[in-house]
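Here is what each chain is made of, one letter per residue.
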Amino acid sequence: MTRTLTPPRPRRRLRAISLATVTAVVLAAGVAATSAQAAGSTLQAAAAESGRYFGTAIAANKLSESAYTTIANREFNMITAENEMKLDATEPNQNQFNFTNGDRIVSWARSNGKQVRGHTLAWHSQQPGWMQNMSGSALRSAMLNHVTQVATHYRGQIHSWDVVNEAFADGSSGARRDSNLQRTGNDWIEAAFRAARAADPNAKLCYNDYNTDDWTHAKTQAVYNLVRDFKARGVPIDCVGLQSHFNSQSPVPSNYQTTLSSFAALGVDVQITELDIEGSGSAQADNYRRVVEACLAVSRCTGISVWGVRDTDSWRASGTPLLFDGNGNKKAAYTSTLNALNGGSTPDPDPEPGDGCTVTVSRANEWGDRFNVSLAVSGSSTWRVSIGLQGAQSLQNSWNATVSGTSGTLTATPNGAGNNFGITVYKNGSTNLPTATCSVP
């Protein structure tokens, strides 16, 4: 958490993307097998339908509060310790480690069948006093020892570690943050990742930061270049965490999905790690929907965690930024998030080049009575896409494809303009994203 914001005959596979009720049909040797799932009634159940997680940050001192743990246990399946695994909590005195509260959270999570994100191993902030007063080679050794000892203690219990947190400066420079860790040498981030991999080979290793949501920002590009360099040189990195703290001064950017997909294209998972969006009512609900739909449109966006359970548990409580109010009631933002998760894409677990086709669906421009839907087909240049409009939605317009039908189920086929096409949909009372499946005729 940051303290500062500013397809013998080729087999054909039907792949479903963005389904509220997921139905997968696999055609092989003339035998059809069909399975279906009902919409998830909780955040974790709805996210699990598309193979993702939905998590939250937990504070150890609230584990005795039944109203708090009831919501957390019901709704979330990935748990992050809010402060209890940070440097000052786990190594208050040099080489004297304290895992009591971190262990309480891990024990609660695992006993309730949940996974755990580790947060964080190396960070310029929330360092214990003894570390703040160190520099140079002594600090480098102490940092690597901390990474090794903490990751070793939790070996086999952590899904993903935020190995390094917030190492880049805000603003237009794209530079590293000036910190005592940075001053030990520019390779300190790489060293931390290598130490973490040695200590816990099975945990996913993430770089985590805030204000990296807008693809055009210098800080976003700097993190992208770091990840690209690490992947090129074989430095162990598995994921990028976007904190995604939003408010009216720092809104959800229009290119948020581009940011997610661009990182994913480097060969890493993307996790939304600390989501909170200040506001209330329909505006806040719509912003949560946009974030969820962006993640669902990117197959390597593997999960979302909100930073806290109820508004009153948030570090930004006055901005009422979470999905439950202070009394534990579900807000409009909860409903929009659940609905978006239930309309989510299902990544193909076994993608094969030339084996059928895949279509991804995302929301584009939006107006009061209508919105644009972008569809992108991959895997074949000859395809048929079935588009399921939601509720009373109707087709206003289409481009770059031949689209038949005006309501219910539409059929799109290529018209020579390529594999990217779109439609404009009149809402008629439903803002839900249409569903789509792709087949090779």
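What counts and what doesn't
Residues numbered from 1 in each chain as written. Predicted model: local features only at pLDDT ≥ 70, side-chain atom pairs only at ≥ 80, totals over all residues. Heavy atoms only, no water. UniProt positions renumbered as here; feature names shortened; annotations may be inferred. Helix = DSSP H or I, 4+ residues; strand = E, 2+ residues; numbered from the N terminus. Expected span 1.5 Å × (residues − 1). Buried < 20%, exposed > 50% of the residue type's maximum accessible area, 1.4 Å probe, protein only. Arc of directions from axis to C-beta. Contact = heavy atoms within 4.5 Å.

As recorded in an unreviewed UniProt entry, the chain goes by the name Beta-xylanase, listed as coming from Promicromonospora umidemergens. Recorded in UniProt under Sequence similarities (unreviewed entry), the annotation for the chain is "Belongs to the glycosyl hydrolase 10 (cellulase F) family." The record held by UniProt for the chain lists under Catalytic activity (unreviewed entry) the comment "Endohydrolysis of (1->4)-beta-D-xylosidic linkages in xylans."

Draft legend 1. Structural detail: unusual backbone geometry. Along the chain, His119 connects to Thr120 via a cis peptide bond; the corresponding omega equals -5°. One can find Thr120 in strand 7 (residues 115-123). In this structure, Glu166 takes a positive phi of about 55° despite not being glycine. You can see Glu166 is positioned in the loop between strand 8 (160-165) and helix 7 (188-199).

Draft legend 2. Up close: helix 6 (residues 136-153). Helix length check: helix 6, at 18 residues, gives a terminal C-alpha distance of 26 Å against a target of 26 Å (1.5 Å per residue), a fit within 8%. Burial in helix 6 covers these residues: Leu139, Arg140, Ala142, Met143, His146, Val147, Val150 and Ala151. Down the axis, helix 6 shows its buried residues gathered within 165° of arc, on one side only. Where helix 6 is buried, its residues contact helix 3 (87-90), strand 7, helix 5 (129-132), strand 8 and helix 7.

Draft legend 3. Looking closely at the environment of Ala392. Mapped onto the fold, Ala392 is located in the loop between strand 16 (384-388) and strand 17 (394-399). If sequence neighbours within four positions are ignored, Ala392 has contacts with Lys427 and Asn428.

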